[in-house]
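Okay, here's what each chain looks like letter by letter:
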Amino acid sequence: MSNKNVAPFVKWAGGKRQLLDKISERMPKTYNNYYEPFIGGGAVLFELQPEMAVINDINASLINTYRIIASNPQEFIARVNKLDAAMGDDVKTYYCTLREHYNDKLMKEEFDIELAALFVFINKHCFNGLYRVNGKGLFNVPCNNSTKLSIDEESIMAVSEFLKSITILQGDFEEACRDAQRGDFVFFDSPYAPLNSTSFESYTKEGFDVESHERLAKLFDELTQRGCYCMITNHNTEFINKLYGNKGYEIDVVSVKRMINSDATKRTGEEVIICNY
């Protein structure tokens, strides 16, 4: 029985909330373990609420937050509430001060409860919930001037309870799938390939370049041979179609709204949902 309070606690670029129906209807009817190597905001995980799951992300600060919520939700809630309470009228200055403190801790690799609380506060008060870092790895997204509270306490407690039985990894997507076996379901919410093939940029300082996409396609083929059910989503581009086409995979094109594009005329786009079953 799924708990509707189990919902994403951060907004994430490329999140799959609007594709949930289309993803759900293409799921395998039954599967064993659930794997999600690019967890991001976790929209699909929290919608499905599988009993046995392995989640992973390269973003150490994001994974620290998942782990803190799983292990110490009360103190996490108290820390976030304290940050919210101290906001005052000048949201922008306050936000910038906290962002600087967050970056300072990030540089010192202080992955603790305070960093998790700062991470969620900043996510809720930055422009479009976009996690973007500069070349030095420092978070640099401007403030959205919102005075809304950063968390829903009931939801955090429900998420914590759910995450207690989940394996939470931090690292490379390939490593995260190492133990996936026949009958397991692997959902790849992979970093987007650019719509324009000349602009390979990424939301992460680690970067997800052409070689990463090629390595991911190779992993998709290997997991298929292993007998895993695999699904991957991405932009409907020539590059992606070339990587996954002519292999007998089911490739469905779906239309989506793109909230993050500043040009409103480019806010409707196409994505592909690719399945190996």
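This structure is a prediction, so every number in the text was calculated from the model and none was measured.

## Details of the overall build of the chain
Part 1: The helix and strand tally for the chain stands at ten helices and seven strands.
Part 2: Taking 277 residues into account, the globule formula puts the C-alpha radius of gyration at 19 Å, and the chain, at 19 Å, falls close to it.
Part 3: Principal-axis analysis of the C-alpha atoms places the extent of the chain at approximately 55 × 40 × 35 Å.
Part 4: Split into buried and exposed, the 277 residues of the chain put 50% on the buried side.
Part 5: Excluding contacts between residues fewer than 6 apart, the proportion of contacts in the chain whose partners are at least 24 apart in sequence is 72%.
Part 6: Carbon and sulfur atoms form 48% of the exposed surface of the chain, whose accessible area is close to 13900 Å².

## Re the pattern of salt bridges
Between side chains of opposite charge, a pair can form when the charged atoms approach closely.
Part 1: The full count for this structure, using the stated rule, is 15 salt bridges.
Part 2: Residue Arg-26 is joined to Glu-25 by a salt bridge in which the shortest nitrogen-to-oxygen separation is 3.3 Å.
Part 3: Relative accessible area serves as the criterion here: at 57%, Glu-25 is assigned to the exposed category.
Part 4: Of the charged contacts, one joins Glu-174 and Arg-215 as a salt bridge, the two residues approaching to 2.6 Å between their closest N and O atoms. With Glu-174 in helix H8 (residues 173-176) and Arg-215 in helix H9 (residues 210-226), this pair connects stretches of sequence that are 41 residues apart.
Part 5: By relative accessible area, Arg-215 is classed as partly exposed at 31%.
Part 6: Sharing partners across several salt bridges, the network here consists of Lys-105, Glu-110, Asp-112 and Glu-114.

## Let's talk about the side chain of Asn-123
Part 1: As for its position among the elements, Asn-123 is in helix H6 (residues 113-125).
Part 2: Discounting residues that sit within four places of it in the chain, Asn-123 has contacts with Val-10, Lys-11, Trp-12 and Gly-129.

## Considering unusual backbone geometry
Part 1: Although it is not a glycine, Gln-49 sits at a positive phi angle of roughly 45°.
Part 2: Its place among the elements puts Gln-49 in the loop between helix H2 (43-48) and strand E2 (53-57).
Part 3: Unlike most non-glycine residues, Asn-128 shows phi in positive territory, near 60°.
Part 4: For Asn-128, the location among the structural elements is in the loop between H6 and helix H7 (153-163).

## Let's talk about helix H5 (residues 91-107)
Part 1: In a regular helix each residue adds 1.5 Å, so 17 residues correspond to 24 Å; H5 covers 24 Å between its end C-alpha atoms and thus fits that length.
Part 2: Among the residues of H5, Val-91, Tyr-94, Tyr-95, Leu-98, Arg-99, Tyr-102, Asn-103, Lys-105 and Leu-106 are the ones counted as buried.

## Looking at the nonpolar core
Part 1: In terms of nonpolar packing, the biggest core is built from 62 residues, with Tyr-66, Phe-76 and Leu-163 touching the most fellow members.
Part 2: Beyond its immediate sequence surroundings of up to four residues, Leu-163 is in contact with Leu-45, Phe-46, Ile-55, Tyr-66, Ile-69 and Ala-70.
Part 3: By size, the runner-up hydrophobic cluster in this structure holds 24 residues, among which are Phe-38, Cys-228, Ile-232 and Leu-243.

## Here we look at the environment of Glu-114
Part 1: By secondary structure assignment, the location of Glu-114 is in helix H6.
Part 2: As for Glu-114 and Leu-169, which are separated by 55 residues in sequence, their C-alpha atoms are 20 Å apart.
Part 3: Ignoring anything within four residues of it in the chain, the contact list for Glu-114 reads Arg-79, His-101 and Lys-105.
Part 4: Side chain to side chain, Glu-114 and Lys-105 meet in a polar contact 3.0 Å long.

## Let's talk about the packing of helix H4 (residues 73-85) against H6
Part 1: The N-to-C vectors of H4 and H6 enclose an angle of 50°; their axes lie 9 Å apart at closest approach. Of the possible angle classes, the one that applies to H4 and H6 is oblique. In this structure, H4 crosses over H6, and the sense of that crossing is right-handed. Contacts between H4 and H6 involve Glu-75, Phe-76, Arg-79, Val-80, Leu-83 and Asp-84 from the first element and Ile-113, Glu-114, Ala-116, Ala-117, Leu-118, Val-120, Phe-121 and His-125 from the second.
Part 2: When its residues are assigned to classes, the contact of H4 with H6 shows nine nonpolar, one polar and four charged.

The rules we used
Residues numbered from 1 in each chain as written. Predicted model: local features only at pLDDT ≥ 70, side-chain atom pairs only at ≥ 80, totals over all residues. Heavy atoms only, no water. Helix = DSSP H or I, 4+ residues; strand = E, 2+ residues; numbered from the N terminus. Rg over C-alpha atoms; globule rule 2.2 N^0.38 Å. Buried < 20%, exposed > 50% of the residue type's maximum accessible area, 1.4 Å probe, protein only. Contact = heavy atoms within 4.5 Å. Areas by Shrake-Rupley, 256 points an atom, 1.4 Å probe, with all protein chains shown as cover. Salt bridge = Lys/Arg side-chain N within 4 Å of Asp/Glu carboxyl O. Expected span 1.5 Å × (residues − 1). Core = buried A, V, L, I, M, F, W, Y, C linked by side-chain atoms within 4.5 Å. Polar contact = N/O pair within 3.5 Å; in protein donor to acceptor, adjacent residues only side chain to side chain. Axes fitted to C-alpha atoms, helices over the stretch in contact; angles between N-to-C directions. Parallel < 35°, antiparallel > 145°, perpendicular 65-115°, else oblique. Left-handed = near helix turned anticlockwise from the far one by under 90°. Nonpolar A, V, L, I, M, F, W, Y, C, P; charged D, E, K, R; others polar.

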